[in-house]
Amino acid sequence: MAATDLHTLLKSLRVWSPETTELRPFDPASAPDAPLPLFTTWFAEAVAAGQPEPHTVSLATADEEGRADVRIVMLHGADPDGWSFASHLTSRKGHQLTARPYAALAFYWPVLGRQVRLRGPVTAAPSEEGQADLHARSTGALAAALTGRQSGVLSSLEELREESEAAWERARADPTAPSPTWTLYRLRPEEAEFFQGDPDRRHVRLRYVEEDDGTWRKQLLWP
């Protein structure tokens, strides 16, 4: 019978088991001059290594009082304009980003013992870009965007089922149906950190810091 005591379970777990994780060497001296090319390489390597859902990322925001909040979202893209994700403008994170347009992202790819952390200002893309992003996704994604009021109080699961069924019908009938509050956000990092785990706990941490002229300064950090 599996243990159910939290303390016992925690003590039984191992991080980066050799059976499931490959801790690759990382030479920061060979890293590119900007974070985006290294992120693109690491992302592709995570996909090739079989990392489940490598495009999911923790998004941290703060409310008007400065209280932290975090959740998992999906990466929609990364380019010189920033790392993009989407949500409803009227959702909790949407309200928080309106009040405090600054956030942090954290990717974790345990199959390679890697993390990538980014933080910086967030801007909302023009509405037409957000709608184009939504309509380029699956029918299910559109149906979800058309369903209910994200982060609002739900009276019952039956209400959710009814609203979802109606949204699915509309999405199938009209693949370009608009979702007016759907918003594409872009985080343009001022800092980016790449963490590579090491079996001897000599983890490599490389931080990029953006200078005033748009170039990047690289720093090593103690693990």
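In what follows, the structure referred to is the one given above.
A brief look at the structure comes next. Residue positions within a chain follow its written sequence, with the count starting from 1. In keeping with the predicted nature of the model, local features appear solely for residues at pLDDT of at least 70, side-chain atom pairs appear and are counted solely at 80 or more, and the whole-chain, interface and lining totals rest on all residues. Derived side-chain values reflect all non-hydrogen atoms in the structure, with water molecules and hydrogen atoms excluded from consideration.

A look at the pattern of salt bridges
Two side chains that carry opposite charge are able to pair once their charged atoms sit near each other. One side-chain nitrogen of Lys or Arg within 4 Å of one carboxyl oxygen of Asp or Glu is enough to make a salt bridge. Evaluated as defined, the whole model comprises 17 salt bridges. Residues Asp 69 and Arg 71 are paired through a salt bridge, measuring 3.5 Å at the closest nitrogen-oxygen approach. Among the ionic pairs, Arg 186 bridges to Glu 129, the shortest N-O distance being 2.7 Å. Here Arg 186 is found in strand β7 (residues 182–187), whereas its partner Glu 129 is found in helix α4 (residues 127–135), with 57 residues between them in sequence. A cluster of three or more residues bridged by salt bridges with shared partners is formed by Glu 22, Arg 24, Glu 45 and Arg 114. Numbering goes from the N terminus for both helices and strands, where a helix is a DSSP run of H or I of at least four residues and a strand is a run of E of at least two.

Side note on the pairing of strand β6 (residues 114–124)
The pairing of strand β5 (residues 102–109) with β6 spans eight bridges and is classified as antiparallel. When the bridges of β6 are listed, Leu 105 appears paired with Leu 118. The pairing criterion is simple: DSSP has to find at least two bridges between the two strands. The loop that links β5 with its antiparallel partner β6 comprises four residues; one of these, Gly 113, has a positive phi angle of about 65°.

Re the packing of aromatic side chains
Stacked, tilted and edge-to-face pairs are distinguished by plane angle, under 30 degrees for stacked and over 60 for edge-to-face with tilted covering the rest, among Phe, Tyr and Trp rings (Trp via its six-membered ring) whose centres lie within 6.5 Å. Evaluated as defined, the whole model comprises twelve aromatic pairs. Between the aromatic rings of Phe 194 and Tyr 208, the centroid separation amounts to 5.7 Å while the plane-to-plane angle is 75°, which identifies the pairing as edge-to-face. Residue Phe 194 is found in strand β8 (residues 191–196), and its partner Tyr 208 is found in strand β9 (residues 204–210); the two are separated by 14 residues along the sequence. In terms of burial, Phe 194 and Tyr 208 fall into one category: buried. Whether a residue is buried, partly exposed or exposed follows from its accessible area with a 1.4 Å probe, protein chains only, as a fraction of its type maximum: under 20%, in between, or over 50%, in that order.

With respect to the environment of Glu 129
Glu 129 gets classed as partly exposed once you look at its relative accessible area, which sits at 34%. When the C-alpha atoms of Glu 129 and Tyr 185 are compared, they prove to be 10.0 Å apart, with 56 residues separating the residues in sequence. Filtering out sequence-adjacent residues up to four positions away, Glu 129 remains in contact with Leu 184 and Arg 186. Whether two residues are in contact is decided by their heavy atoms, any of which lying within 4.5 Å being enough.

Regarding the layout of surface pockets
Space inside the largest pocket adds up to approximately 460 Å³. What lines the largest pocket is a set of 25 residues, among which His 88, Ala 144, Thr 147, Gln 150 and Ser 151 lie closest to the centre. Residue assignment for the lining of the largest pocket shows that the elements contributing at least two residues are β2 (68–74), β4 (82–88), α5 (139–146) and α6 (157–173). Put simply, Ala, Val, Leu, Ile, Met, Phe, Trp, Tyr, Cys and Pro go in the nonpolar bin, Asp, Glu, Lys and Arg in the charged bin, and everything else, Gly too, in the polar bin. Split into classes, the residues belonging to the lining of the largest pocket amount to eleven nonpolar, eight polar and six charged. Grid points spaced at 1 Å and placed over the protein atoms alone form the basis of the search, with a cavity being a set where a 1.4 Å probe fits but cannot get out and a pocket an open set showing protein on both sides within 12 Å along at least five of seven lines. Lining residues have an atom within 4 Å of a point. If you go around the second largest pocket, the residues you meet are Ala 104, Leu 105, Ala 106, Arg 117, Leu 118, Arg 119, Glu 191, Ala 192, Glu 193, Arg 205, Arg 207 and Leu 221. At the level of elements, β5, β6, β8 and β9 are the ones that each hand at least two residues to the lining of the second largest pocket. Grid points are joined across faces, edges and corners, and a volume is the space filled by probe spheres set on the points.

With respect to the nonpolar core
Residue types Ala, Val, Leu, Ile, Met, Phe, Trp, Tyr and Cys, when buried and joined through side-chain atoms within 4.5 Å, form a set referred to as a nonpolar core. Counting residues in each nonpolar core, the largest one holds 27 residues, and the members touching the most others are Leu 38, Phe 39, Trp 83, Phe 107, Val 116, Leu 118 and Phe 194. The element contributing the most residues to this core is helix α2 (residues 35–48), with five residues. Here Phe 194 is in contact with Pro 35, Leu 38, Phe 39, Trp 42, Gln 115, Val 116, Val 204, Arg 205, Leu 206 and Tyr 208, once residues within four sequence places are set aside. Judged by nonpolar contacts, the second largest core, of twelve residues, contains Leu 142, Leu 146, Ala 167 and Ala 177.

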